[in-house]
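Read off the chains here:
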Amino acid sequence: MTKVISLVGQKGGSGKSTIAVHLAMEALLKKEGSQVAIIDMDPQGSVLEWSRMRGDANPVVVHGTPETLNDILGQAADDGFDYVVLDTPGRRDSTLVELVAARSDLILLPLRPSLFDVRAVADTVRLLRSKAYKMRFLLSQSNRAIGTACLTLWQ
Ligand SMILES: Nc1ncnc2c1ncn2[C@@H]1O[C@H](COP(=O)(O)OP(=O)(O)OP(=O)(O)O)[C@@H](O)[C@H]1O
Ligand SMILES: [Mg+2]
C-alpha cells in the first residue's frame, strides 16, 4: 500500500521542501529496494532542481499540478511505490490544500517557532480540522533557546 505524506502550509520558508527531501531520503535508505517518489507541486521547483543537481533517479521526483495529481498517485500505487511525499507551494490556496489532504495518509505542517508563523498556519489548521484529516505539526528551524523564548512570549 502506497503511503502519501504531504507537506503543507502557506508560510513561505517554513521548511516544506527541505523536509520533503529528507523524508524521502530517509524512506529510501531505511529499506533496501524501497520505491519512493516526491511530487513537487510548487512552480518554484526546488525539489526538482535538487534532484537534477543530485543526478540520481532515486527518489523519483516529478512535477505535479492539481490536474495531474490523481493520475500520478494512481500510477505510483500501480507501480508499487512504498512512499510518495508531496511538496506544496507556500501560498494561500485552500483548494490545493483540500485536494492534497484528501489524497494524503498524513499531513505535516512544518512550523517555525515564531508568532507570525503560528498565526499564518491557523487558517490551514481550521480547514484540515473541519474535515478531520490526520495532521501533525513539525517544529522546524528551531533550537531550545528560540523555543523557550516563544513559549515565554505565549504564556
Ligand atoms: N531545519 C533547518 N535548519 C536550518 N535551515 C533550514 C532548515 N529547514 C529549512 N532551512 C532553510 O530554510 C529555507 C527555507 O526552507 P524550504 O525551502 O525548505 O522552505 P519551504 O517551506 O519549502 O519554502 P517555500 O514555501 O518558499 O517553498 C532554506 O534556505 C532552507 O535551507
Ligand atoms: Mg518549498
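Below, the structure is looked at part by part. (Residues numbered from 1 in each chain as written. Chains lettered and ligands numbered in written order. Predicted model: local features only at pLDDT ≥ 70, side-chain atom pairs only at ≥ 80, totals over all residues. Heavy atoms only, no water.)

## What to know about unusual backbone geometry
The phi angle of most residues is negative, glycine excepted, and most peptide bonds adopt the trans form. Which entries qualify depends on this criterion: Secondary structure elements follow DSSP: runs of H or I no shorter than four residues count as helices, runs of E no shorter than two count as strands, and numbering proceeds from the N terminus.
Put simply, asparagine 58 and proline 59 share a cis peptide bond, and its omega is -5 degrees. Here proline 59 is to be found in the loop between α2 (46–54) and β3 (60–63). Positive phi, close to 50 degrees, is recorded for glutamine 141, a residue that is not glycine. Positionally, glutamine 141 belongs in the loop between β6 (135–139) and α6 (144–154).

## Considerations on the site of ligand 1
For clarity, the threshold we go by: Residue proximity to a molecule or strand is established when one non-hydrogen atom of the residue lies within 4 Å of it. Any N or O atom pair separated by 3.5 Å or less is treated as a polar contact, with the protein-specific requirement of one donor-capable and one acceptor-capable atom, and with residues adjacent in sequence counted only for side-chain atom pairs. Reported accessibility uses the Shrake-Rupley method at a 1.4 Å probe radius. Residues are deemed covered only where the shown protein chains occlude them. Gly is put with the polar residues, along with every residue not named as nonpolar or charged; the nonpolar set is Ala, Val, Leu, Ile, Met, Phe, Trp, Tyr, Cys and Pro, and the charged set is Asp, Glu, Lys and Arg.
Lining the immediate surroundings of ligand 1 are Lys11, Gly12, Gly13, Ser14, Gly15, Lys16, Ser17, Thr18, Asp42, Gln44, Gly90 and Gln141. Serine 14 is positioned such that a nitrogen or oxygen atom in its backbone is 3.1 Å from an oxygen atom of ligand 1. Glutamine 44 is positioned with one of its side-chain polar atoms (N or O) 3.4 Å from an oxygen atom of ligand 1. A total of 630 Å² of accessible area belongs to ligand 1 in isolation, and the protein chains cover 55% of it. In terms of residue class, the shell around ligand 1 is made up of no nonpolar, 9 polar and 3 charged.

## As for empty space enclosed by the protein
Selection criterion: A cavity here means a set of 1 Å grid points, computed over protein atoms only, where a 1.4 Å probe fits but cannot escape. A pocket is an open set with protein on both sides within 12 Å along at least 5 of 7 lines, and lining residues have an atom within 4 Å of a point. Grid points are joined across faces, edges and corners, and a volume is the space filled by probe spheres set on the points.
Applying the stated criterion across every chain yields a total of 1 cavity of 30 Å³ or more. Broken down by class, the residue content of the lining of the largest cavity amounts to 4 nonpolar, 3 polar and 3 charged.

## Things to note about the pattern of salt bridges
Opposite charge on two side chains permits pairing when their charged atoms draw close. What counts, and what does not: Throughout this description, the term salt bridge denotes a Lys or Arg side-chain nitrogen within 4 Å of a carboxyl oxygen of Asp or Glu. Using a 1.4 Å probe on the protein chains alone, a residue whose accessible area is under 20% of its type maximum counts as buried, one over 50% counts as exposed, and one in between counts as partly exposed.
Per the counting criterion, the structure on display carries 8 salt bridges. The salt bridge involving arginine 54 is made with aspartate 56; its shortest N-O contact spans 3.9 Å. By relative accessible area, arginine 54 is classed as partly exposed at 33%. For aspartate 56, a relative accessible area of 36% gives the class partly exposed. The salt bridge involving arginine 112 is made with aspartate 117; its shortest N-O contact spans 2.8 Å.

## Things to note about the environment of threonine 88
Applied cut-off: Throughout, a residue-residue contact means that at least one pair of heavy atoms, one from each residue, lies within 4.5 Å.
Structurally, threonine 88 can be placed in the loop between β4 (83–87) and α4 (94–102). Between the C-alpha atom of threonine 88 and that of glycine 64, which follows or precedes it by 24 residues, the distance is 9.3 Å. Setting aside residues up to four positions removed in sequence, threonine 88 forms contacts with Leu7, Val8, Gly9, Lys16, Met41, Asp42, Leu96 and Val100. A distance of 2.7 Å separates a polar atom in the side chain of threonine 88 from the backbone oxygen of leucine 7.

## Describing the nonpolar core
So the rule is basically this: Nonpolar core, defined: a set of buried Ala, Val, Leu, Ile, Met, Phe, Trp, Tyr and Cys residues in which side-chain atoms within 4.5 Å join the residues together.
Residues Ile39, Met41, Leu69, Val84, Leu86, Val100 and Leu128 are the most contacted members of the largest nonpolar core, which totals 23 residues. Listing elements by their share of this core, those giving two or more residues are β2 (36–40), α3 (69–78), β4, α4, β5 (106–111) and α5 (115–130). Residues within four places of valine 84 in sequence aside, it is in contact with Thr2, Lys3, Val4, Ile5, Ala37, Ile39, Leu73 and Ala76. Residues Ile5, Ala20, Val61 and Val85 belong to the second largest nonpolar core, which totals 16 residues.

## Brief notes about the layout of surface pockets
Taken as a whole, the largest pocket holds about 150 Å³ of empty space. When contributions to the lining of the largest pocket are tallied by element, the ones reaching two or more residues are α4 and α5. Residues belonging to the lining of the largest pocket are distributed by class as follows: 4 nonpolar, 5 polar and 4 charged.

## Structural notes on α4
Stated precisely, the cut-off is as follows: Arc, as used here, means the arc of the directions from the helix axis to the C-beta atoms.
Within α4, the full set of buried residues consists of Leu96, Val97, Val100 and Ala101. Buried residues of α4, viewed axially, fall in a sector of 130 degrees; they line one side. Residues of α4 that are buried sit in contact with β1 (3–7), α3, β4, β5 and α5.

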